[in-house]
Structures are given as C-alpha cells and as structure tokens.
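# Reading the structure
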Amino acid sequence: MSEKGESPGPSRPYSLADDASGKSRKEQDEAEHEIEESFAPPKDEESAFQQHEAHPAKDPNLVEWDEGDVENPMNMSRARKWRISIITALMTFVVSFGSSVFSTATNVTAEQFGVSSEVMILGVTLYVVGFACGPLIWGPLSEIFGRRNPLMIGMFGFIIFQIPVAVATNLQTIFVCRFFAGAFGSAPLAIVAGLYVDFWDPVTRALATMGFAAATFAGPAAGPIVGE
C-alpha cells in the first residue's frame, strides 16, 4: 500500500513482443550504422587523402619546365607555331600523295618491264607496307631524341628513295625503294600529331590537328588525279 493509502495499479506483464520489438530496433540501428560505414572512407584513408591534397607529393623523377622558360615550346610565338603546323601538314600531304601517285603508272611500267599490272601494283602495296613498319621506329625515336631530328631524317630518306624509283632499270629497284620511301615517309604520320601536343593548347590544337588530318586524306585523293 502506498503512503496515500492507495494500492499500486497492476503492472503491465512482460511480453515476448516487447523483446522482439527491442531486438528489431537494435538490429535496424546496427544495419544503418553498417551502411554508413560501408559508404564512408576509412578514417586513415580519408586523413591521408586530405594530407595529400594539402601537401601533394612531388615526383623526384619528373622533369618540368621553369616558369617562363624561353625554350619551353608552349612559350613560342603563335606565328611560329602556325608556321610549324602548316609546314608539317604539307609534309604529311606530300608523303600521303606519294602513296597513290604511282598507281596511275602501273600499266605503263608493266608494259615497259614486260609484267602484268597486278605485279606492278606491288609498287603501291609495298609503299603502304612501309607506312605500317616505319612508325614502329619513328614514334619511339621522337620520344627519345625529340621531334625535329627523326622528322628531318625521315623526310630526307623519303626524298632520296624517290630518285632510284625514277631512274630504275628493273623491278627490284622500284619495289625495294618504294618500300623504303614509305618507311621513311611515315615519319610525319607518326610524329606530327605528338608534335602539336608539345606546343599547342587543347583548344587550338584541334584546329592544327584538323589541318593535319585533312592533309593525310587529301594526299591519296590528289595522287591519281595529278599522276594521270
């Protein structure tokens, strides 16, 4: 009996439903906590990321240009950049032009050397095979020794191997020299696109690359017309 003389009310009996509901709430809270932890990065990774952002580590093997370095290609004048872009696009046009200009001479040379025109088509085929083989050499060389020297060596070889084709007295000379002309002439195809990356910003580079691509496709189209 209480102090006021009233008897306490009957207590609510313990139920298994209360135990089940308590367990379900606890399990729900644990599940939500696990979900939050699964999506949140680990504390050590998060702190390391923040530390990296605040103090980025510099690669000791990375070679960079000094601020305002006059030898940095990005600091060249726009006139010089466009001059280089136009010259290299014309070089690409000449090389691709040489791939198809020989096709109009297959019938004449086949008759002169007493072979079928199918055999003389090798003069075009081997030139294109040289296109496939040359970039395997010129691309790595341009990354090691710079763009200019491999490009100039390739164009010099391309010019030299045109002479034996013009004065050849047998098929072997034509076919071999056509192959090497294609291999040396592929230097612009392998180097020029990377050359533009060295000194053009991404926006203007699109215009220069457009001219390079146009020269690549215009050459084979103009070759048969001029050669005929």
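First, a word on what this report is: a plain description of the structure on this page. All figures in this text were calculated on a predicted structure; none of them were measured in a lab. (Residues numbered from 1 in each chain as written. Predicted model: local features only at pLDDT ≥ 70, side-chain atom pairs only at ≥ 80, totals over all residues. Heavy atoms only, no water.)

What follows covers the packing of aromatic side chains. In total, this model carries 10 aromatic pairs according to the counting rule given. Judged by centre distance (5.4 Å) and plane angle (20 degrees), the ring pair of Phe161 and Phe180 falls under stacked. Here the residue Phe161 occupies a position in the loop between α8 (148-160) and α9 (162-167), and Phe180 occupies one in helix α10 (residues 171-185), the gap between them amounting to 19 residues. Ring centres of Tyr196 and Phe212 lie 6.3 Å apart, and the angle between their planes is 90 degrees; on these two criteria the pair is classed as edge-to-face. (Phe/Tyr/Trp six-rings, centres within 6.5 Å; stacked < 30°, edge-to-face > 60°. Helix = DSSP H or I, 4+ residues; strand = E, 2+ residues; numbered from the N terminus.)

For helix α3 (residues 78-101), spanning 24 residues, the distance from its first C-alpha to its last is 34 Å, which sits close to the expected 34 Å at 1.5 Å a residue. For α3, every residue scored as buried is listed here: Lys81, Ser85, Thr88, Ala89, Met91, Thr92, Val95, Ser96, Phe97, Gly98, Ser99 and Ser100. Elements that come into contact with the buried residues of α3 comprise α6 (122-133), α8, α10, α11 (187-199) and α12 (202-227). (Expected span 1.5 Å × (residues − 1). Buried < 20%, exposed > 50% of the residue type's maximum accessible area, 1.4 Å probe, protein only. Contact = heavy atoms within 4.5 Å.)

Further remarks concern the environment of Pro224. Along the chain, the position of Pro224 falls in helix α12. Residue class for Pro224 comes out partly exposed when judged on its relative accessible area of 30%. Along the chain, Pro224 and Phe102 lie 122 residues apart, while their C-alpha atoms are 7.7 Å from each other. The contacts of Pro224, once residues within four sequence positions are left out, are Ser100, Ser103 and Thr104.

A few words on a nonpolar patch on the surface. Nonpolar side chains collect at one region of the surface, where Phe156, Ile160, Ile163 and Val167 lie side by side and expose about 410 Å² of accessible area between them. Only α8 and α9 provide two or more residues apiece to the nonpolar patch. Take Val167: it is sitting in helix α9. (Patch = residues over 30% accessible without salt bridge, like charges linked within 9 Å, V, L, I, M, F, W, Y side chains within 5 Å. Areas by Shrake-Rupley, 256 points an atom, 1.4 Å probe, with all protein chains shown as cover. Salt bridge = Lys/Arg side-chain N within 4 Å of Asp/Glu carboxyl O.)

Before going further, it helps to examine the nonpolar core. A general tendency of soluble globular proteins is for nonpolar side chains to be buried together. Membership of the largest hydrophobic core is limited to 11 residues, which are Met91, Val95, Tyr127, Phe131, Trp138, Leu151, Met155, Phe158, Ala181, Ala187 and Ile191. Residue assignment for this core shows that the elements contributing at least two residues are α3, α6, α8 and α11. Apart from residues no more than four positions distant in its own chain, Met91 is found in contact with Leu151, Met152, Met155 and Pro188. Listed in part, the 10 residues of the second largest apolar core include Ala89, Leu195, Phe199 and Trp200. (Core = buried A, V, L, I, M, F, W, Y, C linked by side-chain atoms within 4.5 Å.)

All right, on to α10 then. The terminal C-alpha atoms of α10, which comprises 15 residues, lie 21 Å apart, in line with the 21 Å expected from a rise of 1.5 Å per residue. Those residues of α10 that fall on the buried side of the exposure criterion are Leu171, Ile174, Phe175, Cys177, Arg178, Ala181, Gly182, Ala183 and Gly185. Measuring from the side-chain oxygen of the N-cap residue of α10 to the backbone nitrogen of Gln172 gives 3.3 Å; that N-cap residue is Asn170. (Polar contact = N/O pair within 3.5 Å; in protein donor to acceptor, adjacent residues only side chain to side chain.)

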